[in-house]
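Close look at the chain arrangement
Here is how the chains run, residue by residue.
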Amino acid sequence: MNKIKFSHEYLKLGNIKQDQPVQLIEVFQKPTEEFSKAFKDYDTTYPDGSSIAYYPLGKGLHIILLFRDSFGNVFTTVRRFTHEKFVYYNSQRGELFDVVFTEEN
């Protein structure tokens, strides 16, 4: 199965767990300079001990992936743009992905 990896348990993921596949429902591309502050805060916020941290997004074109879990909860994730990644994710719309956390939290 496809995997979508996260370096932190971001607040946007709510109750999404590693044992619940999620479906990729759409793919967008947009430069981060056009992201609203609200979207950046939503997409990059994670708990860091007793405080909140924000994953830094680089400048330039990014891919926004829109996922849905089996309960209808939706979330996004932002990935650096490459043509190959964009083609890959577009070809995977409708497919299931395992959620994988790569950092111990």
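Above this note sits the structure.
Predicted model only: the values in this text are computed from it and were never measured.

Here we come to the pattern of salt bridges. What the rule picks out here adds up to three salt bridges. Its salt-bridge partner being Asp 43, residue Lys 12 comes within 3.0 Å of it at the nearest N-O pair. With Lys 12 in the loop between β1 (2-6) and β2 (22-31) and Asp 43 in helix α1 (residues 37-44), the pair connects residues that are 31 residues apart, well separated along the chain. With relative accessibility at 11%, the residue Lys 12 sits in the buried group. Where Lys 37 meets Asp 41, a salt bridge forms, and the shortest distance between an N and an O atom there is 2.6 Å. Taken together, the residues Lys 37 and Asp 41, both in helix α1 and four residues apart, mark about one turn of the helix.

In this description, a pair of aromatic rings is defined by centroid distance and the angle of the planes. One pass over the full model with this rule turns up 11 aromatic pairs. Ring geometry for Tyr 89 against Phe 97: centres 6.5 Å apart, planes inclined by 35°, an arrangement best described as tilted. Here Tyr 89 matches Phe 97 in class, with each residue buried. Connected via pairs of aromatic rings, a cluster forms that spans Phe 6, Tyr 10, Tyr 46, Phe 67, Phe 75, Tyr 88, Tyr 89, Phe 97 and Phe 101. Above the face of the Tyr 10 ring, Lys 12 is positioned so that its terminal group lies 5.0 Å from the ring centre. For Arg 79, the ring lying beneath its charged end belongs to Phe 6, and the centroid distance is 5.2 Å.

Right, let's talk about the sheet that holds β2 for a bit. An order of β1-β7-β2-β5-β6 is seen for the five strands of this open sheet, with the pairing classed as mixed. Because the sheet does not close on itself, it has two edges, and the strands there are β1 and β6 (74-80). Adjacent strand axes in the sheet meet at a mean angle of 40°, parallel and antiparallel pairs treated alike. As paired strands, strand β5 (residues 61-68) and β6 are joined by seven bridges and run antiparallel to one another. Opposite His 62, over in β6, you have Arg 80 as the bridge partner.

Of note, Gln 92 is situated in the loop between α2 (83-91) and β7 (96-101). Residue classification places Gln 92 among the buried positions, given a relative accessible area of 16%. Distance from Gln 92 to Val 27, taken between C-alpha atoms, is 9.3 Å for residues 65 residues apart in sequence. Contacts of Gln 92, omitting those with residues within four sequence positions, involve Asn 2, Leu 24 and Phe 97.

Reading the values: the criteria
- Residues numbered from 1 in each chain as written.
- Predicted model: local features only at pLDDT ≥ 70, side-chain atom pairs only at ≥ 80, totals over all residues.
- Heavy atoms only, no water.
- Salt bridge = Lys/Arg side-chain N within 4 Å of Asp/Glu carboxyl O.
- Helix = DSSP H or I, 4+ residues; strand = E, 2+ residues; numbered from the N terminus.
- Buried < 20%, exposed > 50% of the residue type's maximum accessible area, 1.4 Å probe, protein only.
- Phe/Tyr/Trp six-rings, centres within 6.5 Å; stacked < 30°, edge-to-face > 60°.
- Lys NZ or Arg CZ within 6 Å of the ring centre and 35° of its normal.
- Pairing = 2+ DSSP bridges.
- Axes fitted to C-alpha atoms, helices over the stretch in contact; angles between N-to-C directions.
- Contact = heavy atoms within 4.5 Å.

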